Amino acid sequence: MTRHFIDIKDFTQQQLLQLLESAQGFIKNNIVEDRALLTGKTVTNLFFEPSTRTHASFDLAAQKLNAHVINLNIENSSATKGETVTDTVANLQAMGVDIFVVRHRERVMREIANILKPSVRLINAGEGASSHPTQAMLDLLTIQQCKKNFNNLRVAIVGDLKHSRVARSTIAGLQILGCTDIVLIGPKNLLPDDITFVTQETDMKTGLKNTDVIIMLRIQKERMVSGLIHNEQEYIDHYQLNAEKLAYAKKDAIVMHPGPMNRGIEITDEVADGPQSVILQQVRNGVAVRMAILAGKF
Ligand code: NCD
């Protein structure tokens, strides 16, 4: 039993389903008692990497549960003077912070967890290229809302899988929930060698055949050793999701993207804003999922 939310693999199928149900509850009911679940608690958002959706939705989710929220501006913090992340956390813990929400480019979550008092909780808001479990939960909630169950789904994830923490966590979550047909599509040098029980394809037509769910990913230039993408136009020609390539998938396939999108690169406007896109539904679900996680509903 863990009080932290560091890795989706720490949880059972039952726990993940319970969390999804609780998030769905936050969407449906506006229960008055729920609004007070974090009364008197302090949540700190520590984002050592850029963020729009994740940061704003954690902020909003904590406020909706009536917590005090500290949003530390890292660029103006002592991190720029050489303070270690664990020292920053230890100092905020001394001020009485109850829940830390942390995003960092390095694998620091377990190290942070080790210095926390038993009553203090840690939520991973994105760790290097390895994990992003709250994004996985909002992806899973969106898939559940659109497709009901996970057993008979074929899910394609397209793009820079090598550097994607979203893909790693979402795949792990899908597998815990019983999805066995996951296909990763991208050029050979952007496909990962550390993700198991999935198939890999370099061709969109073959890869997208019969898919129910398509998750598009951004090229993560900031995590890349240079030279992995030789020619952007070639990438666009082969892997950009446009109307023509979308037609390879099932007629009722949904299109997802964790954001930020690079329109005109991995996805066209027509598809991003089209009827099969559930990209903003994902964002909406992000607030409810983070409320459930902050409230410890797992
Ligand atoms: C992603 C991230 O930061 O891992 N965005 C997000 O949290 N929704 C994906 C990305 O940066 O491409």
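Only a predicted model underlies this, so the values are computations on that prediction, with no experimental measurement involved.

Student: Got a minute to help me understand the site of the ligand in this structure?
Tutor: Around the ligand sit Thr54, Arg103, His132, Gln135, Arg165, Val166, Arg218, Gln220, Pro258, Gly259 and Pro260, and that is every residue in its neighbourhood. A distance of 3.0 Å separates an oxygen atom of the ligand from a polar side-chain atom of Thr54. Split into classes, the residues belonging to the shell around the ligand amount to 3 nonpolar, 5 polar and 3 charged.

Student: In this structure, what is going on with helix 2 (residues 53–64)? I would like to understand it.
Tutor: Given 3.6 residues per turn, any residue in an α-helix points the same way as the ones three and four places further on. Its 12 residues give helix 2 an end-to-end C-alpha distance of 16 Å, which sits within 8% of 16 Å, the value for a rise of 1.5 Å per residue. Among the residues of helix 2, Thr54, His55, Ser57, Phe58, Asp59, Ala61 and Ala62 are the ones counted as buried. With its phi angle positive at about 75 degrees, Asn66 sits one or two positions after the end of helix 2.

Student: Hey, could you run me through the environment of Met261 in this one?
Tutor: With respect to the helices, strands and loops of the structure, Met261 is situated in the loop between strand 9 (254–256) and helix 10 (269–272). Spatially, the C-alpha atoms of Met261 and Ala272 are 8.8 Å apart, while their sequence positions differ by 11 residues. Those residues in contact with Met261 that lie beyond four places of it in its chain are Glu266, Ile267, Ala272 and Ile279.

Student: Sorry, what's going on with helix 5 (residues 133–147) here?
Tutor: The end-to-end C-alpha distance of helix 5 is 21 Å, a good match for the 21 Å that 15 residues give at a rise of 1.5 Å each. Among the 15 residues in helix 5, 12 count as buried, and that is most of the element. Taken together, the buried positions of helix 5 are occupied by Pro133, Thr134, Gln135, Ala136, Met137, Leu138, Asp139, Leu140, Leu141, Thr142, Ile143 and Lys147. Immediately downstream of helix 5, the backbone of Lys148 shows phi near 70 degrees, a positive value.

Student: Mind showing me how you'd approach the packing of aromatic side chains here?
Tutor: Centre-to-centre distance and the angle between the planes together describe a pair of aromatic rings. Following the criterion strictly, the structure yields 4 aromatic pairs and no others. Relative to Phe298, the ring of Phe11 lies with its centre 5.2 Å away and its plane at 80 degrees, an arrangement referred to as edge-to-face. Taken as a pair, Phe11 in the segment before helix 1 (13–28) and Phe298 in the segment after helix 11 (279–294) lie far apart in primary sequence, 287 residues in all. The residues Phe11 and Phe298 share a single accessibility class, namely buried.

Student: Help me understand the pattern of salt bridges, please; the structure alone is not making it clear to me.
Tutor: When charged atoms on two side chains of opposite charge get close, those side chains can pair. Applying the stated criterion across every chain, the model contains 9 salt bridges. For Asp10, the salt bridge identified is with Arg110, shortest N-O distance 3.4 Å. Of the two residues, Asp10 is situated in the segment before helix 1 and Arg110 in helix 4 (residues 109–114); the sequence distance between them amounts to 100 residues. Owing to a relative accessible area of 33%, Asp10 belongs among the partly exposed residues under this scheme. Residue classification places Arg110 among the partly exposed residues on the basis of a relative accessible area of 46%. Lys250 is the partner of Asp212 in a salt bridge, and the nearest nitrogen-oxygen pair spans 2.8 Å.

Thresholds applied
Residues numbered from 1 in each chain as written. Predicted model: local features only at pLDDT ≥ 70, side-chain atom pairs only at ≥ 80, totals over all residues. Heavy atoms only, no water. Near = heavy atom within 4 Å. Polar contact = N/O pair within 3.5 Å; in protein donor to acceptor, adjacent residues only side chain to side chain. Nonpolar A, V, L, I, M, F, W, Y, C, P; charged D, E, K, R; others polar. Helix = DSSP H or I, 4+ residues; strand = E, 2+ residues; numbered from the N terminus. Expected span 1.5 Å × (residues − 1). Buried < 20%, exposed > 50% of the residue type's maximum accessible area, 1.4 Å probe, protein only. Contact = heavy atoms within 4.5 Å. Phe/Tyr/Trp six-rings, centres within 6.5 Å; stacked < 30°, edge-to-face > 60°. Salt bridge = Lys/Arg side-chain N within 4 Å of Asp/Glu carboxyl O.

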